[in-house]
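Summary of structural features
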Amino acid sequence: MILKKFLPILLLLTSFSFYAQNEGMKDKKEQIKALKVAFLTTELNLTATEAAKFWPIYNTFDDKQFELRHKKMKVYFSRMNDDSINKMSEKEASALLIQIESTDEELFLLRKKFTKNLREVLPAVKIIKLRKSEDDFNRKLLHQYRNKNKNK
């Protein structure tokens, strides 16, 4: 239960380290995307018809989600280092909190629209399986990242 709450945050924070390495980030993002496509394809066992309709919807969703998480949230987290937080007025903190909540809501609405679009293409069981498979992939990716850092 706790892991489910913190996993997206951990993935978000680890992705910022990728962001710092701008040139390498594009390569890593493409590698991760290719691994994710292979993983989801295997896990979902999509028919050719389902795959033809699913991937354009998924890729659009994934790109928008990435943009929201990495571009908007990066700005928020850059303002949240210890010095900035300690110097932040209550008014500034309140404004930042409103911006973060707004982005969270955008992410929620994006996911909701994505699910609605998928209902036209996939049965509900496969949509649920997709959510589980995404979580499994993220967990696997995080595990590999941790193991890579332990070996350094």
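Above this text sits the structure in question.
Presented here is a report on the structure given in the accompanying data block.

The rules behind each value
Within each chain, residues carry numbers counting from 1 in the order of the written sequence. Two thresholds apply to this predicted model, a pLDDT of at least 70 for residue-level local features and 80 or more for giving and counting side-chain atom pairs, whereas whole-chain, interface and lining totals are computed over all residues. The side-chain numbers reported here are obtained from all heavy atoms of the structure, hydrogens and water having been left aside. A helix here means a DSSP run of H or I that spans at least four residues, while a strand means a run of E at least two residues long, and both kinds are numbered starting from the N terminus. Accessibility here uses a 1.4 Å probe with only protein chains present; expressed as a share of the type maximum, an area under 20% marks a residue as buried, one over 50% as exposed, and anything in between as partly exposed. Here, two residues are considered to be in contact whenever any of their heavy atoms come within 4.5 Å of each other. Only the protein chains shown count as covering a residue, and every accessible area follows the Shrake-Rupley method with a 1.4 Å probe. A pair of Phe, Tyr and Trp rings is counted when the ring centres sit within 6.5 Å of each other, with Trp represented by its six-membered ring. The angle between the planes then sorts it: under 30 degrees is stacked, over 60 is edge-to-face, the rest tilted. Each ring is checked for a lysine NZ or an arginine CZ that lies within 6 Å of its centre and within 35 degrees of its normal; such an atom marks a charge sitting over the ring. What counts as an axis is a line fitted to C-alpha atoms, over the stretch in contact for a helix, and the angles between N-to-C directions run from 0 to 180 degrees. Each angle receives one of four descriptions, namely roughly parallel if under 35 degrees, roughly antiparallel if over 145, roughly perpendicular if within 65 to 115, and oblique otherwise. We call Asp, Glu, Lys and Arg charged. Ala, Val, Leu, Ile, Met, Phe, Trp, Tyr, Cys and Pro are nonpolar, and the rest, Gly among them, are polar.

Turning next to the overall build of the protein chain. Helix and strand content of the protein chain: six helices and zero strands. Starting at the N terminus and ending at the C terminus, the protein chain contains elements arranged as α-α-α-α-α-α. Buried positions account for 28% of the 152 residues belonging to the protein chain. Of the contacts formed within the protein chain by residues at least 6 apart in sequence, a portion of 75% connects residues at least 24 apart. Carbon together with sulfur atoms contributes 57% to the accessible area of the protein chain, which is approximately 10,700 Å² in total.

Let us look at the packing of aromatic side chains. Summed over all chains, the structure comprises seven aromatic pairs. Note on Phe39 and Phe137: the rings are 5.7 Å apart at their centroids and 50° apart in plane angle, and the pair reads as tilted. Here Phe137 lies in helix α6 (residues 124–150) and Phe39 lies in helix α2 (residues 22–44), a separation of 98 residues in the sequence. Between the aromatic rings of Trp55 and Tyr58, the centroid separation amounts to 5.7 Å while the plane-to-plane angle is 80°, which identifies the pairing as edge-to-face. Taken together, the residues span about one helical turn, with Trp55 and Tyr58 both in helix α3 (residues 48–78) at a distance of three residues. Assigned by exposure class, Trp55 and Tyr58 land together as buried. Every member of this aromatic cluster is reached through a ring pair, and the members are Phe54, Trp55, Tyr58, Phe61 and Phe114. The residue whose ring lies beneath Lys29 is Phe66, and the NZ or CZ to ring-centre distance is 4.1 Å.

The contact between helix α5 (residues 90–119) and α6 brings their axes to 10 Å, and the two run at 135°. Considering their axes alone, α5 and α6 lie oblique with respect to each other. Between α5 and α6, the residues in contact are Arg111, Phe114, Thr115, Leu118 and Arg119 and Ile127, Leu130, Arg131 and Glu134, respectively. Here the residues of the contact of α5 with α6 are counted per class, giving four nonpolar, one polar and four charged.

With the exception of glycine, most residues fall at negative phi, and the peptide bonds are largely trans. Of note in the backbone geometry, Asn45 takes a positive phi value of approximately 50° without being a glycine. Relative to the helices and strands, Asn45 is located in the loop between α2 and α3.

Scope: geometric values only; no functional claims are made or implied.
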